[in-house]
Amino acid sequence: MVSNRHQNDSETVKVIIGKLIEKAASSVRPVISNFDYFQSRAVNIQRFNQFNVALLENCAEFLEIALADKDGYKIYTKSTLVGRIYLAFMALMPAKCGECGEDY
């Protein structure tokens, strides 16, 4: 049986992902579509690793992730870029405060 919390989160996640897909360039949409909030970090990282660096860079730019330092030097490897994209998606998802229990 699915809990009300999981059901509510599921609907919220669908709305967030839908809005991201709506705003993103068509080339970035496959990366967004491959994110699954309810799967582990390892599963999501594996899914993102199937994309080439150029597409991941486009996705990172869409998510406003810095790709270079002030001198223009790239500050990532594919592995770190994938991890940062995963964390950027997670930051947009619903969360519950460990202290007060309020949803954010």
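See the structure printed just above.
Residues numbered from 1 in each chain as written. Predicted model: local features only at pLDDT ≥ 70, side-chain atom pairs only at ≥ 80, totals over all residues. Heavy atoms only, no water.

Caption draft 1: Seen up close, the overall build of the protein chain. In terms of helices and strands, the protein chain carries five helices and zero strands. Starting at the N terminus, the α and β elements of the protein chain follow one another as α-α-α-α-α. Each principal axis of the C-alpha distribution contributes one length, and for the protein chain these read about 50 × 30 × 25 Å. Residue burial in the protein chain is summarised as follows: out of 104 residues, 33% are buried. Counted over contacts in the protein chain with a minimum sequence separation of 6, partners at least 24 positions apart contribute 55%. Roughly 6,700 Å² of accessible area belongs to the protein chain as shown, and the carbon and sulfur atoms make up 52% of that amount. (Helix = DSSP H or I, 4+ residues; strand = E, 2+ residues; numbered from the N terminus. Buried < 20%, exposed > 50% of the residue type's maximum accessible area, 1.4 Å probe, protein only. Contact = heavy atoms within 4.5 Å. Areas by Shrake-Rupley, 256 points an atom, 1.4 Å probe, with all protein chains shown as cover.)

Caption draft 2: The arrangement of the nonpolar core in detail. Counting 27 residues, the largest nonpolar core has Phe-35, Phe-48, Ile-85 and Phe-89 as the members making the most contacts within it. With six residues, the single largest contributor to this core is helix H5 (residues 78–92). If we skip the residues at most four places from it in the chain, Phe-89 touches Leu-20, Ile-32, Phe-35, Phe-48, Cys-59 and Leu-63. (Core = buried A, V, L, I, M, F, W, Y, C linked by side-chain atoms within 4.5 Å.)

Caption draft 3: Main features of the pattern of salt bridges. Under the counting rule described, the total for this entry stands at three salt bridges. A salt bridge links Lys-14 to Glu-11; the shortest N-O distance between them is 3.8 Å. On the criterion of helical spacing, the pair formed by Lys-14 and Glu-11 is a turn pair, its members being three residues apart in helix H1 (residues 4–23). A salt bridge links Asp-36 to Arg-47; its shortest N-O distance comes to 4.0 Å. (Salt bridge = Lys/Arg side-chain N within 4 Å of Asp/Glu carboxyl O.)

Caption draft 4: A look at the environment of Ala-25. Counting through the fold element by element, Ala-25 comes out in the loop between H1 and helix H2 (29–34). The exposure class of Ala-25 is partly exposed, given its relative accessible area of 46%. Along the backbone, Ala-25 and Lys-14 are 11 residues apart, and their C-alpha atoms lie at a distance of 18 Å.

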